Every structure is written in C-alpha cells, then in structure tokens.
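Listed here are the chains, written in short residue letters.
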Amino acid sequence: MNSLIDKYNIPGPRYTSYPTVPYWDESSFTPELWKQSVIRTFKETNAEEGISIYIHLPFCEALCTFCACHKRITKQHSVEIPYLESVLKEWQLYLQLFDEKPKLKELHLGGGTPTFFSPKNLKTLLEGIFETVEIAEHQEFSFEGHPNNTSKEHLQTLYDLGFRRVSFGVQDYDPKVQKAINRIQPFEKVKEVTEWAKEIGYRGISHDLVFGLPHQTWEAMENTIRKTMELKPDRLAFYSYAHVPWVKGVGQRGFDENDLPSGEEKRRLYEDGKKLLEDLGYIEVGMDHFSLEHDDLYQSLIQKKLHRNFMGYTSSKTQLMVGLGMSAISDSWYAFAQNIKTVEEYQKMVEEGEIPVVKGHILNEEDLTVRRHILNLMCQLETTFDSNNSFPELENALEMLKEMENDELVEINGHHIQITEKGRAFTRNVAMVFDLRMMRNKPETRIFSMTI
C-alpha cells in the first residue's frame, strides 16, 4: 500500500462539482445566462423533485487554523440582522424567476458558524423563507453546529422548524492538536450537545472528524474515534485535512509544515481509522463518509440514490440548488454560479437588486457527460460508458485506467468501471482520469490539496 501512496498521492479535486471551480469557463458566463438556466431547471424539476437551498452563514468568533472556508471573524453580533436581511432579499430576487411556488426538498445551513447567530434570528430567517415555499413531504433540513456555542435553544428552535439533522465539528480531541488548529473543544461539551440533540428528537446526528492534522498520531486518532463511539452518532464524516495555505483568506499558518503527518502516516490514520469504524459498526458510504445501517445515507447508497454536491454527500437529490449568502455556490445542473466573496459587496449588490453572482460556468454537452461519470464514481463507485459514446477522449480514460487495474484499484469489464475495495482510498484519482478539462490544461502551480 505504501508504494501505491507514493504513486498516487498527487494534488487533485474533491469533485463536489464537475467542472471543478478552477476550470470554470468564466469568459462565456453571464448573470443573465445563469438566470436562464435557473428558470429552465425550475420548470423541468420543481413539480416532481423540488429544489434545495444552501445558506452560507459566514461569521465565526475565532479562526480555526485548519479551515479553508470563506468566513468572517468577529465577536460583534450586531452583524447578524443586517446579514440575514440581505439573505432574505437575495431569496426574493430568485423568487422573481419562478412561475410557481417552489417546493423545498432540502435545506442546509453552513458556514462559517451557523450557530454564531441567535436562535431568534435564525427563526426569523427561516420563517421568512418558509412563508414563500411549499415544504416537500420528505424534506431534509440540516445545519452545522459548533459544539462550543450550540445551545439547547438552538437545537429546539431548529427542530421545531423541521430540522432533523445536525453535524457537529469535532476534528480531534487531542489537546496538542486542538491547540495547533485553535479549536479548543472538550469532549464533555460535544457529549452535552449530542445528548441534547438526541433528547429533542434529532434522527440524524453527525460528527466531523479530520485526519492529517498537525501533531496528529494514530494513538490520538484512535482515542478520538473511541470517544466518538461513546456518543454513537448516526453518521460520521472522516475528512482528509486539505492543506491549501496558498489560497487567499484561509488561516492555515497556525503551525509549521513539518508538524503535518507524512503521506504514509496520514494514510495509516485513514486505513486504521476506517477499520476501527467498521469494527464498531459503521459502513463506509462514498468517499470519507460512514454511517450506521439505519441512517438515510446508507439506505440511499444501497438504493443507488446517493448524491454529491457542494454540500457533500446527501441522501436526496435535486437538480436545482440555490446558494444564498456571501460566497455561496449554486447549481442548476446546467450551470454553476458563485456569489461575491465579501460581506460588504454581497450586501451592496443585493441592496441594488442584483443576484450577487460574480462568476460561474455554463456546462456544455461534454461537461454534462463527464459530470455524470464522475458523480457515478464518487457516489456508486462505478460507471458505464454508452456504447455509442460521442466523446472519443473519454475512450482514452479506459486506457489510462489500465494501470490502475494492474494496481487492483479498479476492475474494467468492457465499458464498465468498478472501483475495488482496495481502490476506495483512491477514488479521487480514478475520477481525475475522466477530468477532461484538467487533462487539457494541467495546472502549473498547486491549486488542489493532495489526494491522500
């Protein structure tokens, strides 16, 4: 396995979209084309499928130095109401594009720190959206909670509004690791909020763990996993730390590069962590996610309904996902769009009556075909080419996969590709073989984290 790690540990995307953001063709994108794609997808899918909404709530009281998200660090809670008013105004701009009431299937509050906002203000935001939509019968509402500031009132308020899923960012319980990433978070606090959530009735409690953090050892990782098992969350995200200190605005300079585990050490953290999780009853779902058998994420996997988008893996799929808030990314299936990345500019554009997208990509037929294959690989660990495939370059992917087949990472049967159990750790590498845009324009500098 170590020789495979040396061979395949290269920079690569996480494929929450295809094309990936660095390969969006911004020259052919306009806000008007984005609006047209939203209208098209809404007309095609709202009645049956409904829509998803992602709301980016960017404020945090302290900077976690492992974080690569778009955020604003402040302790001034006076920012809450003006920001939420802008989000509601942005939503009103989208409502003008729709010819019927949207059916809301999926809603996620991400960040930043959603629980930076008071329960009262979150309720005002959500009620402002709910009064404009029809709630789908089997909706999925979820939010990210910081264990240090998620109150029982937060959990009860959001539960009363229809939320049944919450993910708590744990990362690691080792004090040395917590100090390095500026995330001091005792187990007792995570235990308290997890038990509150169970008591209130949440049926989908998730903990986020990260491997590959500075000073992290297997002994510390094993302790973190075993402590997590005491709380038995329904699902786990077991993320590889993405070290991207060159990206503007990230805080990944709170430790020395030499403090990070080597590629071999990091892979051991994953392999041994995965084995321990499976021994404790968790099943690997897609890439970097695990769940108990009763959880919707596992059920969607066996029913081949698992989906992946900018929110990560989800058990429900809609083609239209509207991203609201500073830096939020939207997906109409035929196009992607990202909002402007500063709070002030975001609020200014919304105030002026503009949907605040500043860049995006319109998918062509080739993009849509490649996207389908990469989604299949990321969600089902397999894909099949059409016999009359109209994009010859994709045939080259079969040849490029031969070496991976020799390394027992994939099995190829005609036009069918299956990622093996051994190859699951290299799923990103397999998907990269299909990434025609990256193959044609190989980056000259690092733009992605390492795959291992």
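Source: prediction; values computed, not measured.

Student: Which residues make up the environment of T314, and what are the values?
Tutor: Within the secondary structure, T314 is located in strand β12 (residues 312-314). Under the relative-accessibility criterion, T314 is labelled buried at 5%. Sequence separation between T314 and V343 is 29 residues, and the spatial gap between their C-alpha atoms is 28 Å. Not counting chain neighbours up to four residues away, the residues in contact with T314 comprise E106, L297, K305, L306, H307 and N309. Of the polar contacts made by the side chain of T314, one reaches the side chain of E106; its length is 2.9 Å.

Student: Lay out the pattern of salt bridges with the relevant residues and their values.
Tutor: Here the structure, examined in full by the defined rule, presents 28 salt bridges. For R268, the salt bridge goes to D272, with nearest N and O atoms at 2.7 Å. Separated by four residues within a single helix, R268 and D272 lie in helix α9 (residues 263-279), roughly one turn from each other. When its relative accessible area of 25% is taken as the criterion, D272 is described as partly exposed.

Student: I'd like a rundown of helix α11 (residues 343-351), residues and numbers included.
Tutor: Among all positions of α11, only V343, Y346, M349 and V350 are buried. Relative to the axis of α11, the buried residues are bounded by an arc of 135° and lie together on one face. In this structure, α11 carries K348 and E351 as exposed residues pointing more than 90 degrees from its buried face. Looking at the buried residues of α11, the elements they touch are β2 (59-60), β3 (72-73), α3 (80-95), β15 (335-339) and β16 (357-362). The positive-phi residue at the C-terminal boundary of α11 is G353, with phi of around 85°.

Student: An account of the pairing of β15 is needed here, citing residue identities and associated values.
Tutor: Most of β15 sits inside the fold, with five of its five residues counted as buried. Both faces of β15 are covered, namely the face carrying A335, A337 and N339 and the face carrying F336 and Q338. The pairing of strand β14 (residues 329-331) with β15 spans three bridges and is antiparallel. Bridge pairing in β15 links S330 to A337. Linkage of β14 to β15, two consecutive antiparallel strands, is achieved through a turn of three residues, within which W333 is found at a positive phi near 80°. Inspection of the sheet shows β15 paired to β16 by five bridges, in the antiparallel sense. Counted as the bridge partner of A335 is I362 from β16.

Student: So what's going on with the side chain of E80? Which residues, and what values?
Tutor: Mapping E80 onto the fold places it in helix α3. It turns out E80 is buried and unbridged, and the closest side chain with the opposite charge, K120, is 10 Å from it. One polar contact links E80 to H77, side chain to side chain, over a distance of 2.7 Å.

Reading the values: rules and limits
Residues numbered from 1 in each chain as written. Predicted model: local features only at pLDDT ≥ 70, side-chain atom pairs only at ≥ 80, totals over all residues. Heavy atoms only, no water. Helix = DSSP H or I, 4+ residues; strand = E, 2+ residues; numbered from the N terminus. Buried < 20%, exposed > 50% of the residue type's maximum accessible area, 1.4 Å probe, protein only. Contact = heavy atoms within 4.5 Å. Polar contact = N/O pair within 3.5 Å; in protein donor to acceptor, adjacent residues only side chain to side chain. Salt bridge = Lys/Arg side-chain N within 4 Å of Asp/Glu carboxyl O. Arc of directions from axis to C-beta. Pairing = 2+ DSSP bridges. Lys, Arg positive; Asp, Glu negative; His and termini not counted.

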